[in-house]
Every structure is written in C-alpha cells, then in structure tokens.
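Descriptive structure summary
Single-letter residue listing:
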Amino acid sequence: MAYFCTQIPVLLNPGVACIKSFHQYRFLHIKAMQDDKVSTPTPSDECMVRVPHVLTVAGSDSGAGAGIQADLKACAARGVYCSTVITAVTAQNTVGVQGVNIVPEDFVAEQLRSVLSDMHPDVVKTGMLPSIGIVKTLCQSLKEFPVQALVVDPVMVSTSGHTLAGPSILDSFREELLPMADIVTPNLKEASALLGGVPLETIADMHYAAKAIHDIGPRNVLVKGGDLPASLDAVDVFYDGKDFYVFQSSRIMTPNTHGTGCTLASSVAAELAKGSQMLSAVKVAKRYIEAALSYSKNIAIGGGRQGPVDHLLKLKSNVQRRPFDPCDLFLYAVTDSRMNKRWGRSIVDAVKAAIEGGATIIQLREKEVETSDFLEAAKACLKICRVHGVPLLINDRIDVALASDADGVHIGQSDMPAHVARALLGPDKIIGVSCKTPEHALQAWIDGADYIGSGGVYPTTTKENNKTIGLDGLKTVCLSSKLPVVAIGGIGTSNAQAIMGLGVPNLKGVAVVSALFDRECVLTETRKLLEVLKESTK
Ligand SMILES: Nc1ncnc2c1ncn2[C@@H]1O[C@H](COP(=O)(O)OP(=O)(O)O)[C@@H](O)[C@H]1O
Ligand SMILES: Cc1ncc(COP(=O)(O)O)c(N)n1
Ligand SMILES: [Mg+2]
C-alpha cells in the first residue's frame, strides 16, 4: 500500500487516473461520487469540498484518554474528520483497565463495510486489535476497499500493564498486517514483542529495532521512546528503509501520558490524510504530542497514576474564566501608556490600582509600546485580573490577545473587522466594537460582538480627530443596539451621572481613560467614580 505522493492512484473512476495533485483528486473523487447519486440534494459542485478523513479501528477507552476517544480528539484537533470502527469496549480509568469486552468479529466486519464502502476514508489507523480473527477481518476489508495509507499502532499492553492484545496476535501482525502498513509505531515493549522479546533499553537498541521491524514488511517504522528512562529526552527513532531520523523533544514531567501512543499515531494518520509526505507527517505529529503533553502537565482528572492528555489544548482555559456578563461594563478602565509614563507608574501598577478602586473590566490600550513589552504587560495584568475575577481586554491587537490568552479584545471601525476577529478568537472570547451610529451597532451584532462602546460622548484629548456624538447620539445608538453598551469619551466624576441618568436599559456603564489614569492617584479616582456610578443607578 503506497502512501501519498503527488501522483495519486485513483480508486473510483479509471477516467481520472492521470490526476496530478491530491487536491484535484479530492474534487474529482467527490464528483464521481455525486454522479453515482444524482438524486442527492447537494449544492453546486464548487461548494462541495471533500475533507481529509481518517478511519480508526481501535478499542474504546471509557476514561477517554486513549483508544478511539484519543483518536477522535486528535483528529479533530488536527482538523481531520475521523470515523470509528470499535474492536473492543474497555472499562478503563486513570488507575488501570478493569475489564475488556471484545466486539464479535463479524460485527467488526460490518462496521468496516459500513464506513469503507460509503465514506471512503483516506487513511486507516489501527489501535487495539484484540483477536486474530479481527486482524484477519481488517486485512480482508482493506484488500476489498483499499485506502491511501495504513498506519498501524501495534497496541498490546496498556501503560498500566493490562494486556489489550495477547502474544497470540503477534504472528498475524507479522505475517498479515505489518506487510500492508505504510508505517508501524511500536513503543519499546511492543517493538521488543514483535522481535521475539529482545530487550530494548537504549537509543542504539531503538535503531536496531526499527531496522529489524522494517524487515518484517512495513514501509516505515517509528520506534517510540516514551518509556525510555525519565532522565532521557523523549526520543523516537524513524526508519524509512534507507535512512534513520531521530526525533527528539525534551521530556515533559507529567503523570498525564495515558494515550500518547494512540494520539501520536492518529496525528500521523491525520497529516497523511491532509496529503503530507511520511517524514513531515511524523515531524508534525511529534510536535503536536509535545504541545498536548505540555498543556496537560498539571491537569487533575481521576485519582490514578496516569491521566489523559489535553488534545484540544483547552482544558485549563476555562478554569479561571467566567462567561461575559454585561454588568462587567459598569466601571470600564482603559489604560494609556503615555499617561502612566507621565505619572511614573507601570501599566501593571495602574491596573492593580484601578481594580482595587473598583474597576469591573480592564482594557489595555497601549498605542506606543513594543509588541514584546505589550505581551509581557498583558500577561502580568492578566494574572492580577484573574485573581480578582475582572475580565481583561486588549485594544486592537488580536495577536496579543491570543498570545496572552486575555479574555477578549476591543476593536474600532478601522481595525480588524469584528467577524474576522470572531473567527480568529473563537466563540467565547469577549469582543467589543466602537460604534457611533445605529448602522455600526447593527453590524457589530451581526458580526458576533458581545458589547459596543459608543462615543465620544464628550470631547476628549485621548483620541485625536474623534467626532463627538453627545448624549443624544449615545441615546440613539443605545436604543437601536441589540448589544449592551458602554459609553466612552471625556467621561469622569463630573458627568458620569448625566450619562447613567439617560435611563436606557442596555447602557451598562462608562469607560474612562484620563479621569483615572491622568491623575496622581488611580486608586482614589477609581473609588470616587465608583461612588458616583453607584449613586446614579440607585
Ligand atoms: N513525558 C513525555 N514528554 C514528551 N514526550 C513524550 C513523553 N512521553 C511520551 N512522549 C512522546 O509521546 C509519543 C508516544 O510515545 P510512547 O508513550 O512511548 O507511546 P505509547 O503510549 O504507545 O507507550 C512519542 O512521540 C514519545 O516520544
Ligand atoms: C482501548 C485502548 N487502546 C489503547 C490503549 C493504549 O494506550 P496507553 O499505552 O497510553 O495505555 C489503551 N490503554 N486502551
Ligand atoms: Mg505511553
């Protein structure tokens, strides 16, 4: 079985056998499928994009760290569709494997037929294959429905020491499955078992094993070194029949390594499904598992010795964050580096004082700082904001918001369009948009913003050439806006009451710059403004 190269052997339609690129192949492939099913209601040909697809043939892990569940998450994280043929159901958690129930061979065959005959996956990846019958069924199905690449993770024993496929399986692996494989990815114990029990302990041993396993028939071998002594780096040895490549990353000290092997093999399969060459597929997969392990370093799931990895690199991002509440707009503090410099304080000190004084949300508006300084300031401010449960937004700079993992951004009419910002930031970051007119407010709503900032209500020196809309303009925008509004522009203790006194329900607060930061004591000024706001909303 050949893996991807630029010349793709086409499966469905002999008329397209001369196609050059993988992407052309995808379009023609789907066209051939549509021609067979003329009655299927589909949009026009150009709209239909066939997406990369991996089929995993593996066991279910109830703890969802390894097996089918790891494969699904890894493929999703890598942007590839994943279908599943389940070979066994395991009762498993972070302590170990409590039970295994093997799916009858003929039902594995039925699942294989369902997926392969209809969905035409690009790549098949195998995990737990618990019986000789299942291995034979799989090899038979792959002969009947060939795919572009076969990735074999020869799962035998769980990290906790439970047998998932016994030694009786080894002959069928060696004689039938491995010779069909484009890559096989044993860990140290599995490589040793495939080679009749030779001890494998060093990186030199891994080279020997990669070559010896290659002789069994797979096109490529990756011997994984997760189980090398903890004092060594995480080293994997790749052999393509000609050259060796050593993939080395520093070892991440974490108990959460359950499922790393399944995840790595699925990511290799995902890259192959996207059209990568084998070597770059392995390289990207190794980078990905390193990132996933690093994100999982200190997550606590279960009481056992081995927790799962964080496939989507997201599990911790919601721990300290709460959803946006429009009431957060009540006392909205916007920083200004020039003012802070003038008064001799750092951005971090300014933010600390504003929060202590009662600010309910912070926006970093740093027009004159270097990107690296801005990022450092954002990270430092975020720590303080998280401790106090105050959201932190970044003005204009989506990149800084992403890099610092701030709670969101505030953007103007001439910045990145809000719908693009939304696509980049994902569905749950906060996005605020500056709006002067009902049309702006409507667009912000359509684009997926969470709130709008409207002004300048009064003249201000903070923003040059900024048209003042006055109280009337503010009221017009508020009445038309479907989103909560914060008023901005020349606001301070003397006029905050007039603004809140407009009495429009979606006007939730005031945003202030100079009135807090162009003053000697930020803490005192914030406290004073808080009192005025509280008074005016009684
Ligand atoms: N603690 C770790 N730090 C960094 N990489 C690791 C660590 N543990 C495993 N890996 C990597 O994860 C992948 C899976 O390896 P391994 O754990 O040996 O497989 P298996 O889960 O099949 O035993 C390999 O690329 C390996 O180098
Ligand atoms: C269903 C199933 N498949 C594979 C593994 C191997 O994963 P690990 O080696 O990380 O325990 C597992 N534990 N369970
Ligand atoms: Mg492991």
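Counting restarts for each chain, with residues numbered from 1 along the sequence as it is written. Lettering of chains starts at A and numbering of ligands starts at 1, both following the order in which they are written. Since the coordinates come from a predicted model, pLDDT governs what is reported: local features require at least 70, and pairs of side-chain atoms require 80 or more to be given and counted, while whole-chain, interface and lining totals use all residues. As a rule here, side-chain values cover all heavy atoms of the structure and leave hydrogens and water aside.

The name given to the protein chain in an unreviewed UniProt entry is Thiamine biosynthetic bifunctional enzyme TH1, chloroplastic isoform X2, and the organism recorded there is Nicotiana sylvestris. According to its UniProt record, the protein chain has this under Subcellular location (unreviewed entry): "Plastid, Chloroplast". Of the protein chain, the UniProt comment under Cofactor (unreviewed entry) reads exactly: "Mg(2+)". UniProt positions are given in the numbering used here, feature names are shortened, and annotations may be inferred rather than shown by experiment.

Turning to the overall build of the protein chain, a few remarks are in order. Each helix is a run of H or I in the DSSP string that is no shorter than four residues. Each strand is a run of E no shorter than two, and both are numbered from the N terminus. If you tally the helices and strands in the protein chain, you get 19 helices and 17 strands. For each residue, the accessible area found with a 1.4 Å probe, counting protein chains only, is set against the maximum for its type, and the residue is called buried under 20%, exposed over 50%, and partly exposed in between. Within the span of the protein chain, comprising 538 residues, buried residues form 52% of the whole. We call two residues in contact whenever any of their non-hydrogen atoms come within 4.5 Å of each other. A separation threshold of at least 6 residues defines the contact pool for the protein chain, and within that pool the share at least 24 residues apart is 64%. The Shrake-Rupley method, run with a 1.4 Å probe sphere, supplies the accessible areas, and residue values consider only the shown protein chains as cover. In the form shown here, the protein chain has an accessible surface area of approximately 23,700 Å², with 56% of it arising from carbon and sulfur atoms. The positive count covers Lys and Arg only, the negative count covers Asp and Glu only, and His and the chain ends enter neither. Every charge is mapped to an atom, namely NZ of Lys, CZ of Arg, CG of Asp or CD of Glu. Across the protein chain, the centroid of the 52 positively charged side chains sits 4 Å from that of the 55 negatively charged ones.

Now for the domain arrangement of the protein chain. Start and end positions for the domains come from either an automated domain assignment or a database one. Domain parsing of the protein chain yields domain 1 (53–317) and domain 2 (321–537). Distance between the C-alpha centres of domain 1 and domain 2: 48 Å.

It is worth spelling out a nonpolar patch on the surface at this point. Side chains of Val-49, Val-51, Tyr-81 and Met-119 sit close together on the surface and give an oily, nonpolar patch of about 350 Å² of accessible area. Secondary-structure assignment places Met-119 in helix α3 (residues 105–119). Like-charged residues are merged into a patch within 9 Å and nonpolar side chains (Val, Leu, Ile, Met, Phe, Trp, Tyr) within 5 Å, provided each residue has over 30% relative accessible area and no salt bridge. By definition here, a salt bridge exists when the distance from a side-chain nitrogen of Lys or Arg to a carboxyl oxygen of Asp or Glu is within 4 Å.

Think of pLDDT as the predictor's per-residue confidence, scored from 0 to 100. Of the residues in the protein chain, 91% reach a pLDDT of 70 or more, and the chain-wide mean stands at 91. Confidence over residues 1–34 falls short of pLDDT 50; this stretch has 79 contacts with residues more than four positions distant or in other chains. Across the whole predicted complex the pTM is 0.81, and at the interface the ipTM reaches 0.95.

Quick look at the nonpolar core now. Joining through side-chain atoms within 4.5 Å is the link that ties buried Ala, Val, Leu, Ile, Met, Phe, Trp, Tyr and Cys residues into a set, and such a set is a nonpolar core. Counting 75 residues, the largest nonpolar core has Ile-362, Leu-364 and Leu-474 as its most contacted members. With near-sequence residues (within four places) excluded, Leu-364 lies in contact with Thr-335, Ile-347, Val-351, Phe-374, Ala-377, Ala-378, Cys-381, Leu-392, Leu-393, Ile-394 and Asn-395. Within the second largest apolar cluster, 45 residues are counted, among which are Val-152, Ala-181, Leu-200 and Val-235.

Per the UniProt annotation, the sites labelled "domain: Pyridoxamine kinase/Phosphomethylpyrimidine kinase" (unreviewed entry) are residues 61–309. Across residues 61–309, helical content stands at 40% and strand content at 18%; the span's end C-alpha atoms are separated by 13 Å.

Right, let's talk about the sheet that holds strand β16 (residues 485–488) for a bit. Backbone hydrogen bonds hold the strands of a sheet together, and the pairing may be parallel or antiparallel. Should DSSP find at least two bridges between two strands, the strands are taken to pair. Taken together, the eight strands give a closed barrel; going around it, the order is β10-β11-β12-β13-β14-β15-β16-β17, and neighbouring strands pair in parallel fashion. With direction set aside, neighbouring strand axes in the sheet form an average angle of 25°. Both strand β15 (residues 451–455) and β16 contribute to a ladder of four bridges, which runs parallel. Residue pairing for β16: Gly-453 is matched across the bridge by Val-486. What counts as an axis is a line fitted to C-alpha atoms, over the stretch in contact for a helix, and the angles between N-to-C directions run from 0 to 180 degrees. Contacts from helix α14 (residues 418–425) reach β13 (408–411) and β14 (430–435), with the element oriented near 170° to β14. Seen against the sheet, helix α19 (residues 522–536) touches β10 (331–334) and β17 (507–512) and runs at an angle of roughly 150° to β10.

Turning next to the environment of His-311. Summarising the element assignment, His-311 is placed in the loop between α9 (278–296) and β10. In the structure, His-311 is positioned 234 residues away from Ala-77 in sequence and 6.6 Å away in space, judged by C-alpha atoms. Residues within four places of His-311 in sequence aside, it is in contact with Gly-65, Ala-70, Lys-73, Ala-74, Ala-77, Thr-263 and Tyr-288.

Once that is clear, we can look at the environment of Leu-392. Structurally, Leu-392 can be placed in strand β12 (residues 392–395). For the pair formed by Leu-392 and Gln-363, sequence separation is 29 residues and the distance between their alpha carbons is 5.9 Å. With residues up to four places along the chain from it excluded, the contact list for Leu-392 reads Ile-362, Leu-364, Ala-378, Cys-381, Leu-382, Cys-385, Ala-406, Asp-407 and Gly-408.

As a further point, take the site of ligand 2. Whether a residue is near a molecule or strand depends on its heavy atoms: if one lies within 4 Å, it is near. If you check the shell around ligand 2, you find 13 residues, and the closest are Gly-59, Gln-92, Thr-159, His-258 and Gly-259. Under this definition, polar contacts are N or O atom pairs within 3.5 Å; protein pairs additionally need one hydrogen-donor-capable and one acceptor-capable atom, and for neighbouring residues in sequence, both atoms have to be side-chain atoms. For ligand 2, a nitrogen atom lies 2.7 Å from a polar atom in the side chain of Gln-92. Between an oxygen atom of ligand 2 and a side-chain N or O atom of His-258, the distance comes to 3.3 Å. Here the shell around ligand 2 is built from residues that sort into five nonpolar, eight polar and no charged. Residue polarity is assigned by list, with Asp, Glu, Lys and Arg as charged and Ala, Val, Leu, Ile, Met, Phe, Trp, Tyr, Cys and Pro as nonpolar; anything else, Gly included, falls into the polar class.

In this section: the site of ligand 1. Taken together, 15 residues sit near ligand 1, with Lys-224, Gly-226, Asp-236, Ile-252 and Gly-261 positioned nearest. Within the side chain of Thr-260, an N or O atom sits 2.9 Å from an oxygen atom of ligand 1. Measuring from an oxygen atom of ligand 1, one finds a side-chain N or O atom of Lys-286 at 2.9 Å. Coverage of ligand 1 by the protein amounts to 93% of the 560 Å² it exposes when considered alone. Elements that contribute at least two residues to the shell around ligand 1 include exactly β8 (234–239), α8 (260–274) and α9. Of the residues that constitute the shell around ligand 1, the class distribution is five nonpolar, five polar and five charged.

Here Asn-395 shows up in strand β12. Within the structure, Asn-395 has its side chain in polar contact with the side chain of Gln-363 (distance 2.6 Å). At 3.3 Å, the side chain of Asn-395 and the side chain of Lys-367 are in polar contact. Those residues in contact with Asn-395 that sit more than four places away from it in its chain are Gln-363, Leu-364, Arg-365, Lys-367 and His-410.

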